[in-house]
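An overview of the molecular structure
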Amino acid sequence: MRKSINIFISIIMVAGLVSCNDGGQKKGKRGAQGGLATNAAERVYVAPGELDEYYAFMSGGFSGQLAVYGLPSGRLLKVLPVFSQNPENGWGYSEETKPMLNTSFGFVPWDDSHHPDISQTNGVLDGRWVFINGNNTPRIARIDLKNFKTEEILEIPNSAGNHSSSFITENTEYVVAGTRFSVPIPQKDMSIKDYKGNFKGSLTFIKVDQETGRMNIKFQLMMPGFNYDLSHPGRDKSHGWFFFTTYNTEEAHSLLEVNASQNDKDFIAAVNWKVIEEYVNNGGGTKVPAKYAHNILDENTHTATSTMLDEVLTVNPMDVPGAVYFLPTPKSPHGCDVDPTGEYIVGNGKLSADLTVHSFTKMLDAIEKKKFDGEAYGIPILNFEDILAGVVKQPGLGPLHTEFDDKGNAYTTFFISSEVVKWKVGTWEVLDRQPVFYSVGHGMIPGGNSRKPFGKYFIALNKITKDRYLPTGPELTQSAQLFDISGEKMELLLDFPTIGEPHYAAAIPASMIAPNSRKIYKLAENKHPYAALTDGDVKVVRDGKEVHIYMNMIRSHFNPDNIEGVKVGDKVFFHITNHEQDFDVPHGFAVIGANNAELLVVPGATETLVWEPKQVGVWPFYCTDFCSALHQEMQGYVRVSPA
Ligand code: CUA
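Residues numbered from 1 in each chain as written. Predicted model: local features only at pLDDT ≥ 70, side-chain atom pairs only at ≥ 80, totals over all residues. Heavy atoms only, no water.

1. Quick notes on the overall build of the protein chain
Scanning the protein chain from N- to C-terminus turns up seven helices and 44 strands. Here the C-alpha atoms of the protein chain give a radius of gyration of 26 Å, agreeing with the 26 Å that 2.2 N^0.38 yields for 643 residues. Overall size of the protein chain, expressed as C-alpha extent along the three principal axes, is 80 × 60 × 45 Å. Within the protein chain, the fraction of its 643 residues that count as buried is 58%. Put simply, 62% of the contacts in the protein chain that link residues at least 6 apart link residues at least 24 apart. A total accessible area of about 25,500 Å² is found for the protein chain, and carbon and sulfur atoms account for 53% of it. (Helix = DSSP H or I, 4+ residues; strand = E, 2+ residues; numbered from the N terminus. Rg over C-alpha atoms; globule rule 2.2 N^0.38 Å. Buried < 20%, exposed > 50% of the residue type's maximum accessible area, 1.4 Å probe, protein only. Contact = heavy atoms within 4.5 Å. Areas by Shrake-Rupley, 256 points an atom, 1.4 Å probe, with all protein chains shown as cover.)

Set out below in structure tokens:
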């Protein structure tokens, strides 16, 4: 065991040297070395006035947000606020959106977003919603692609490190989450040394309402404390199954490599969720106390409500025969990826030089014959040889993730040797390889998570960008690299910087959502309790120390624009309704000395900013979003008198 660790460390060191050598090449030569296509510029150039072909939704990592890029240009189109407050549009600052960031731990205005996944129907992208996980304070968010807005955030109880999320089944029946850190469930005060056998992992299956998209936890599968890293739904023939990698079958409580990399093989957990669903529908499972928040942004009032739930249905895999099996997989597998036919399950053993591919058919066969190689906590372990479909021999070092195109090829990212390797599904032969700069994590092909990938582009989501951009101090931007994969050889087209850390991404042809994305709120349907829908609704109402200002705005004035009757020590609520009904005319609102942010109010909506004036005087407020030639005239005053 010691030996394999030493080999691994040597590998890292060699890889480091390789990187340094590449990094030291002369300026201008580097791109060509990375397989840069000769007419790359032409192939990513989107002329002024033209639109990109794909929307790419890229996780913002430790920014907690989701970024929208256009492909192939790599242009950043928008940062969608999800788990973090966003002063740019008041997300998490306005009274309407604050409840979206509520959790059982209180108001948590930050998270670490990792894996976006686009909703599917019959295994094909349908462009309704994007789901993304919050890794730190376990949450899953749903963004509605009608208006590119986070409409729902569900906290995941009995979880810690919500990493194997948020992947969806092929009709969006479920969005699935899994715990990276095993913990005491329920949480309690106990010795960390007693981890083994006592800490647990949970795999959470969240039912998605097909009309509204609303999420509700259907059940939580209580698993041994093996650390569930990534997951992937079965599709087509394996629809009904879900696969999760584990990387700590040793159940070590301190993950120095010595502890957690002892076992030659860890497991992929194969979960038959249809069997469990049936069990639960027939009254199976145990309700246990669990505190977690469910936050929903109401479409009619544009206001979020946060509900604290208090119990969850748990399922012990032992109680449901045929529900869970373990697939031995070398060696600390990270990504777990299923090919578009649903037959092949790729275990990306990150400390392995080979890539193991399991066969779904062989797995079913072994299960039927009850050919097991022992069990772990009562869960049958299948025999490695029985389920093996093939091995991609020594394709690179440190495989992390695999994506698929529409021609039967797979593309695996290798972190240590810093490259992407294209190989043939079924023959396991390596077809091509391209270096990436540097150290790629996930890769992404539009629709690569579905039955129908759009195999034109591959994006490498890189972790380290040494020497690729103008330096900006020790905090360098992270980076994506776009490859054209339509031909036999991958061709590098473009580097582009990303926000936060680009963990994973999901992309869809623009034609599948763009027509829907022009939704506006109709003023007549605004049900916000403080909306000033007509000038007759405009008023200033005092209620003790609270002052509620019912205000509206339209190019290019506020009504009212002169406010009196406010005193130092008051809590002033500016409830502002945007009367515009043109698709793209938001107005902003800012007032001097506010200790939160501005508001950006979209047409037809009402948003509320709280202001607690500290100083006597006549103070200005103004529109922050350039809206017309008279934008500068869009201003007003509020008079603050002594308390
Ligand atoms: Cu309204 Cu600028």
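2. A few points about helix 5 (residues 273–281)
Trp 273, Ile 276, Glu 277 and Val 280 are the residues of helix 5 that are buried. One face of helix 5 carries all of its buried residues, which in axial projection span an arc of 105°. Lining the buried residues of helix 5 we find strand 11 (174–178), strand 12 (200–208), strand 13 (215–224), strand 15 (241–246), strand 16 (266–272) and strand 18 (304–315). At the N-terminal end of helix 5, a side-chain oxygen is found 3.3 Å from the backbone nitrogen of Lys 274, two or three residues along, and the residue is Asn 272. Remark: Gly 283 follows helix 5 within two positions and exhibits a positive phi of approximately 95°. (Arc of directions from axis to C-beta. Polar contact = N/O pair within 3.5 Å; in protein donor to acceptor, adjacent residues only side chain to side chain.)

3. Quick look at the environment of Leu 600
With respect to the helices, strands and loops of the structure, Leu 600 is situated in strand 41 (residues 599–601). Judged by its relative accessible area of 23%, Leu 600 is partly exposed. The spacing of Leu 600 and Pro 87 is 513 residues in sequence and 9.2 Å in space, taken between C-alpha atoms. Setting aside chain neighbours within four positions, we find Leu 600 in contact with Glu 88, Asn 89, Pro 586, His 587, Gly 588, Glu 607 and Asp 625.

4. What about the sheet that holds strand 3 (residues 75–80)?
The strand order across the open sheet built from four strands is 3-2-1-34, with neighbouring strands paired in antiparallel fashion. Looking at strand neighbours, the two that pair on one side only are strand 3 and strand 34 (505–509), the edges of this open sheet. Between one strand axis and the next, the sheet turns by 20° as a mean value, whatever way the strands run. Sheet topology note: the strand 1 (residues 54–59)/strand 2 (residues 66–71) ladder contains six bridges and is antiparallel. The partner of Ala 56 across the bridge, within strand 2, is Tyr 69. (Pairing = 2+ DSSP bridges. Axes fitted to C-alpha atoms, helices over the stretch in contact; angles between N-to-C directions.)

5. Section: the sheet that holds strand 38 (residues 562–567)
Taken together, the five strands give an open sheet; going across it, the order is 38-44-43-40-41, and neighbouring strands pair in mixed fashion. Edge positions in the open sheet fall to strand 38 and strand 41, since each of these has one partner strand only. The mean inter-strand angle of the sheet, taken between neighbouring strand axes irrespective of direction, is 25°. Here strand 38 pairs with strand 44 (residues 635–641) via four bridges, running parallel.

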